[in-house]
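Residues per chain are reported as follows:
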Amino acid sequence: MRSTHKIKSSLAKVGAAPESLPEITTDAQASGTSLAKVSSAESSPGSHALEDKGTATWSLTAWVSEVQAFEARAVRAQAWETQAFEAQSRASHPKATPVTEAEAAPVLKQRLLPEKVQVPEKEKSEVLITRPFWSNKAEYLLAQMGYTMRPASLWSFCYLWLHSGGGIFLIIYIFLLFLIGIPLLFLEMAAGQRMRQGNIGVWKVISPWIGGVGYTSFMVCFINGLFLNVVTAWILFYLSQSFQYPVPWEKCPLLENASGFDPECARTTPTLYFWYRMTLKASDSIEDDGPPVFSLCLPLFLSVCLLGVFMLNGLKWTGKVMCVLVSSSGLIMLCFVVRSIMLEGAVFGLHYMTIVKISAIYNVNVWRGAGNQVLCSLGLGFGSIISIASHIQSSSSCLNDAVIVALANLISMMLVTPFIFSVLGFWATQLTHRCNEKNTETLLNLVNMGILPPEAQPPQNLIGNPTSIFTSWFNSLSNPIKKEVLSHVPECNLEEQFLKIKESTNFAFLAFVEAMSFIPGSVFWSFLFFLMLLNLEMSTMIGIMDSIITSLQDIFISVQKYTKLFTVVVLMIMFLCGLFFTRPSGSYYIRLLTDYWTILPIIIVIIFENLAVKWAREASSCTASPVCDHCISTISEEYHLFGLGLKHFKRNCSTIPILGAVHIVRPFTHCHPSHPYILCILLHSWDSLQLHQLGQACDILQVLTPKFPTDTH
């Protein structure tokens, strides 16, 4: 009891005259002194007498020193809290006046900050750095929609519809979208919005042990950003070539002496020749290496510069850019839908859209493909959704936002599907026409040379509908003549030509590019098509770059003061790394990454995200403390806490001080004092004596800690 009275008297002295505290040089020195005294007190013979009396294991000297150390840190914590409230007020009310006397009254009623206690400039700058917000809810939703509208995902949806049961695939996709897609989208939106952190910081806040999920997701996002920049470079290259008339992929190039067409192009199609020989300059195999293709380096640099222009002026400018990109893409898409249904062969393509194969519902591969499509179309697991959501106010309803974004993504794919099927039907019809025209020319030459009998001579006039005219003539032949004709020319089948479509990122540059060259006014429609692809790719890349930059800024807080310079550095690094994919063998690596590599780490990341949230949910269940009367939740620190001292941890968007002593080897308990942000964290083995000491420590902390306003969130 005597030692207890002395402790209270020392507390009274400390509370009455904070200026009389001895000068503390550093936190580490104060912590070391306190711990040394504690250890010496526990090892001294006198301490056993205190243990026998059941009062405390620490000596009076150690307790007084500990009280002084706590007092110094409490004063410093008050300075931290004042700065945090001012910064949060400016962030949430940018146009309002500074903190008024009425708002600051709960803080100013407490003890004023002593003049000798100064907050270091480094710590002050970290507190005053606030997270930018989207200007309004519409920009935020358009940013999420633009990120999810990937050209590759739009095409893969149509490909799976065509080859995975038709309408049955759509039913399975919608079922999995509501079963898996929307809950996962809600999870990532809620995590980013609540934690106000990037992809890496969110999972480290939930638990430092699960931080590897953020790093894995960051690496997947970074690698995808590298080759998507190269895809944007391909689009820019084609966009620059589309101003020529006729477009260069419409006809084979002439030889240098203008004596004829390039024989390599004559053996294939002009579109394939321009893609592999003029654009990619692709090697024969992935093992064949070479320097970066110079004709793609400039478009790659231009794509990086466009990203810089869209992102360097801050989040408000980026939000307006996303509005333009998404709205213009939707408008161009509507124009293509109207134009495509008027093309020849569009009805044949739309017919395949209405096919329903009931047996596909029992195919596991169809379900697997639909599940992968849900994850890829929504962009889950890359961290971009978390980063975009971290810039929205906490008042936003994550569930409503997730449903809106998912439905908008579904509607965009449903809008693109008839356009793609119509263009595919037109493309297959035009290729079949050209195949029949080429067969007619070949048969006429063979008949004139006497190789084929006169009965095998086809009609010379195929104007109008070459396929119908040639097919009618061919069906009128006798079986021996048919066999003889087919031995010299291939059979041109419209259905087989339509089903030759394969799933790959090259689709837009092969089938669609060739189809655009067949449409009257090919220059205009080719330009419009590549402009739409550019808008979609750039909106996706803005989301990916926001995830990369935000995650790095949350790790290296000092670079937040130099956001523009840091963004330029990251873009230059991505440009240099992206040169790897502009080599002659680069397209092979992109195909491997998109078709075989990306989906596996994404599934692993999503699984561990769910496990982390499940663990955090169970850990945060309300349990009554044996010492403190408050019902508290387990909190994960942003930083590991070592020894005594003032540390930080993130709650909402404020940097919150933590006061106390912890040990990192064994579990610890949280004492919840009157201040909701100042935590006393002590490690003890759970016997009655040490629980009593823990209660004393909590009482001391409550005396030393001013009563700040509670968290309104």
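Residues numbered from 1 in each chain as written. Predicted model: local features only at pLDDT ≥ 70, side-chain atom pairs only at ≥ 80, totals over all residues. Heavy atoms only, no water.

Participant: I would appreciate a short explanation of the overall build of the chain in the present structure.
Facilitator: When you go through the chain residue by residue, the secondary structure sums to 28 helices and six strands. Here the chain holds 713 residues, and 51% of them are scored as buried. The contacts in the chain between residues at least 6 apart in sequence include a share of 77% that link residues at least 24 apart. Accessible area for the chain stands at about 33,400 Å²; split by element, carbon and sulfur atoms hold 63% of it. (Helix = DSSP H or I, 4+ residues; strand = E, 2+ residues; numbered from the N terminus. Buried < 20%, exposed > 50% of the residue type's maximum accessible area, 1.4 Å probe, protein only. Contact = heavy atoms within 4.5 Å. Areas by Shrake-Rupley, 256 points an atom, 1.4 Å probe, with all protein chains shown as cover.)

Participant: How do you make sense of the nonpolar core when you look at a structure like this?
Facilitator: Across soluble globular proteins, you tend to see nonpolar side chains buried next to one another. With 135 residues, the main nonpolar core has Met-189, Phe-336, Trp-427, Phe-530, Met-545 and Ile-548 as its most contacted residues. In contact with Phe-336, not counting residues within four places along its chain, are Phe-419, Met-516, Trp-525, Leu-528, Phe-529 and Met-532. Among the nonpolar cores identified, the runner-up in size contains twelve residues, and Leu-446, Ala-456, Phe-474 and Ile-481 belong to it. (Core = buried A, V, L, I, M, F, W, Y, C linked by side-chain atoms within 4.5 Å.)

Participant: For this particular structure, what's the right way to read the pattern of salt bridges?
Facilitator: When the charged atoms of two side chains with opposite charge come close together, those side chains can pair. Counted according to the given criterion, the structure contains five salt bridges. Of the charged contacts, one joins Arg-277 and Glu-264 as a salt bridge, the two residues approaching to 2.8 Å between their closest N and O atoms. With a gap of 13 residues between them, Arg-277 in helix H13 (residues 270–279) and Glu-264 in helix H12 (residues 263–266) connect regions that are remote in the sequence. Using a relative accessible area of 32% as the deciding quantity, one classes Arg-277 as partly exposed. You can call Glu-264 partly exposed: its relative accessible area is 29%. Measuring nitrogen to oxygen at the nearest pair gives 2.1 Å for the salt bridge that ties Asp-595 to Arg-591. Pair noted here: Asp-595 and Arg-591 are both in helix H26 (residues 586–597), with a separation of four residues, about one helical turn. Residue classification places Arg-591 among the partly exposed positions, given a relative accessible area of 33%. (Salt bridge = Lys/Arg side-chain N within 4 Å of Asp/Glu carboxyl O.)

Participant: Teacher, can you tell me more about a nonpolar patch on the surface here?
Facilitator: On the surface, a cluster of nonpolar side chains totalling about 810 Å² of accessible area is made up of Phe-175, Leu-179, Ile-180, Val-356, Ile-358, Ile-361, Tyr-362 and Trp-367. Within the fold, Ile-361 resides in the loop between helix H16 (346–353) and helix H17 (364–378). (Patch = residues over 30% accessible without salt bridge, like charges linked within 9 Å, V, L, I, M, F, W, Y side chains within 5 Å.)

Participant: Would you take a moment to explain the environment of Ile-549 for this structure?
Facilitator: Mapped onto the fold, Ile-549 is located in helix H24 (residues 522–555). The exposure class assigned to Ile-549 is buried, which follows from its relative accessible area of 6%. Considered as a pair, Ile-549 and Phe-566 are 17 residues apart in the sequence and their alpha carbons are 8.1 Å apart.

Participant: For this particular structure, what's the right way to read the packing of aromatic side chains?
Facilitator: Any pair of aromatic rings gets described here by the distance separating the centres and the angle formed by the planes. Throughout the structure, instances matching the rule amount to 35 aromatic pairs. Residues Tyr-238 and Phe-274 carry aromatic rings whose centres are separated by 5.3 Å and whose planes lie at 80 degrees to one another, so their mutual orientation is edge-to-face. One end of the pair, Tyr-238, is in helix H11 (residues 211–241); the other, Phe-274, is in helix H13, and 36 residues separate them in sequence. Note on Tyr-238: relative accessible area 0%, which makes it buried. (Phe/Tyr/Trp six-rings, centres within 6.5 Å; stacked < 30°, edge-to-face > 60°.)

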